[in-house]
Amino acid sequence: MSPPLIEARHLDKRFATGTLAVRDLNLHVEAGEFVSLLGPSGCGKSTVLRLVAGLEQPSRGRLRLPKAEAAVGYVFQEPTLMPWASVFDNVWLPLRIAGCTRERARDRIDTLLQSVGLQGFAHAFPAELSGGMKMRASIARALVRQPVLLLMDEPFAALDEITRQKLNDDLLAWWRTGGFTSLFVTHSVFEAVYLSQRVLVMSHRPGHIVEEVHVEQPYPRHSAWRTSSDYVQTCARVSQALERAQTEVAR
Ligand SMILES: Nc1ncnc2c1ncn2[C@@H]1O[C@H](COP(=O)(O)OP(=O)(O)OP(=O)(O)O)[C@@H](O)[C@H]1O
């Protein structure tokens, strides 16, 4: 059996301010999985993503990450596009940093823009795009280096419900064709269940994983599933796990 892509054992993260954001966190993600981290605000979800991205170092514990040469994509809640650069140049940025010229990058970026639904917008500037289109550009930028792992930190939280649901469906399609592993942070029980194979529920700060809910529904998942009793029941199971996670702190 191949080793997991990500494995955290007894991980703590204490910031220089003294805040203990994560305590005794255990996490195991296999290559190719779609896993969500769900928890109350401030419980340490973003800190876990930053640890997995190598942007923060753990204070204690062991963390196995993808090999250093493997690309990892990171998508934030804000699209964080360069306002002075076109969509093409924004998506080109990670390749440019890696030494790839615009000409060599062109075919890959044109194909990618097509697959994220931004064909015809290569020369547009971020200010000319809707919120959903900006997020599509941001995801394209994260995918352009063909990452083994895509880390997403509440990427759709600021979008309206219709746009969010459409992006949920598209993200699942990109995940299925791209073959990358997804670690997705969200506040939304409904979103976590719709997208994931496993939902990991975190306690209040200091965060750790208190429950794991498996979502058995096979892919491709369609929006009709959102109104099925199976979906509603799975969401109820995850909501109850979230409630138990909150009361764990009160104990
Ligand atoms: N660089 C930092 N220095 C000091 N404290 C930090 C730092 N980053 C995060 N924290 C603190 O760590 C705790 C966890 O923060 P984190 O952003 O990981 O939570 P979160 O679950 O992602 O929150 P939200 O859902 O609101 O985005 C918070 O109390 C936060 O203030």
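A quick note: this is a predicted structure, and the numbers were derived from the prediction, not measured. (Residues numbered from 1 in each chain as written. Predicted model: local features only at pLDDT ≥ 70, side-chain atom pairs only at ≥ 80, totals over all residues.)

A. Up close: the overall build of the protein. Per the secondary structure count, the protein includes 7 helices and 9 strands. In summary, the protein has a C-alpha radius of gyration of 18 Å against a globular reference of 18 Å for 251 residues, a match within 12%. If one aligns the C-alpha atoms of the protein with their principal axes, the spans along those axes are about 60 × 45 × 40 Å. Counting contacts in the protein only where the partners sit at least 6 residues apart, residues at least 24 apart contribute 74% of the total. (Helix = DSSP H or I, 4+ residues; strand = E, 2+ residues; numbered from the N terminus. Rg over C-alpha atoms; globule rule 2.2 N^0.38 Å. Contact = placed C-beta atoms within 7 Å.)

B. Region of the structure containing the domain arrangement of the protein. Here the protein is partitioned into domain 1 (6–70 + 148–248) and domain 2 (82–146). Centre-to-centre, using C-alpha coordinates, domain 1 lies 26 Å away from domain 2. Opposite the 10 residues of domain 1 that make contact, domain 2 presents 7 residues. With 5 residues, helix α5 (residues 161–178) is the single largest residue contributor to the side of domain 1 that touches domain 2. Broken down by class, the residue content of the side of domain 1 that touches domain 2 amounts to 7 nonpolar, 2 polar and 1 charged. (Domains from an automatic or database assignment. Nonpolar A, V, L, I, M, F, W, Y, C, P; charged D, E, K, R; others polar.)

C. Looking closely at helix α2 (residues 87–97). Along α2, the residues classified as buried are Val 87, Phe 88, Asn 90, Val 91 and Trp 92. Where the residues of α2 are buried, they touch α3 (102–115) and α4 (131–143). (Buried ≥ 20, exposed ≤ 12 C-beta atoms within 10 Å, placed from the backbone.)

D. Quick look at the site of the ligand. Around the ligand, the surrounding shell holds 13 residues, and the nearest of these are Phe 15, Ala 21, Ser 41, Ser 46 and Thr 47. Considering every element that reaches the shell around the ligand, the biggest residue donor is helix α1 (residues 45–52), with 3 residues. Looking at side-chain class alone, the shell around the ligand contains 3 nonpolar, 8 polar and 2 charged residues. (Near = placed C-beta within 6 Å.)

E. Representation of the UniProt feature "domain: ABC transporter" (unreviewed entry) in the protein in the model. UniProt marks residues 6–231 with the feature "domain: ABC transporter" (unreviewed entry), using the numbering shown here. Across residues 6–231 one finds 33% helix and 24% strand; the C-alpha atoms that close the span lie 28 Å apart. (UniProt positions renumbered as here; feature names shortened; annotations may be inferred.)

F. Examining the sheet that holds strand β2 (residues 20–29) more closely. Strand order across the open sheet formed by 3 strands is β2-β1-β4, with antiparallel pairing between neighbours. Since the sheet does not close on itself, it has two edges, and those belong to β2 and β4 (60–64), each with one partner. Across the sheet, the mean angle separating the axes of adjacent strands is 15° when strand polarity is ignored. Strand direction decides the pairing type here: strand β1 (residues 6–14) and β4, joined by 4 bridges, are antiparallel. Within β4, the residue paired with Asp 12 across the bridge is Arg 60. (Pairing = 2+ DSSP bridges. Axes fitted to C-alpha atoms, helices over the stretch in contact; angles between N-to-C directions.)

G. Looking closely at the environment of Ala 140. Inspection of the secondary structure assignment puts Ala 140 in helix α4. Residues Ala 140 and Leu 113, 27 residues apart in the sequence, show an inter-C-alpha distance of 6.8 Å.

H. Summary view of the sheet that holds strand β9 (residues 209–214). Across the sheet, 6 strands lie side by side as β5-β6-β7-β3-β8-β9; this open sheet has mixed pairing. Every interior strand has two partners, whereas the edge strands, β5 (72–75) and β9, have only one. Averaged over all pairs of adjacent strands, the angle between strand axes in this sheet comes to 15°, irrespective of strand direction. α1 rests against β3 (34–38), β6 (149–153), β7 (181–186) and β8 (198–202) of the sheet, and its axis sits at about 155° to β7.

I. Structural view of the pairing of β3. Burial runs high along β3: 5 of the 5 residues are buried. Of the two faces of β3, both are covered, the one formed by Phe 34, Ser 36 and Leu 38 as well as the one formed by Val 35 and Leu 37. Bridge count for β3 against β7 is 5 bridges, and the pairing is parallel. Looking at the pairing, Leu 38 lines up with Thr 186 of β7. Summarising the sheet, β3 and β8 pair through 4 bridges and their orientation is parallel. Bridge pairing links Leu 38 to Val 201 in β8.

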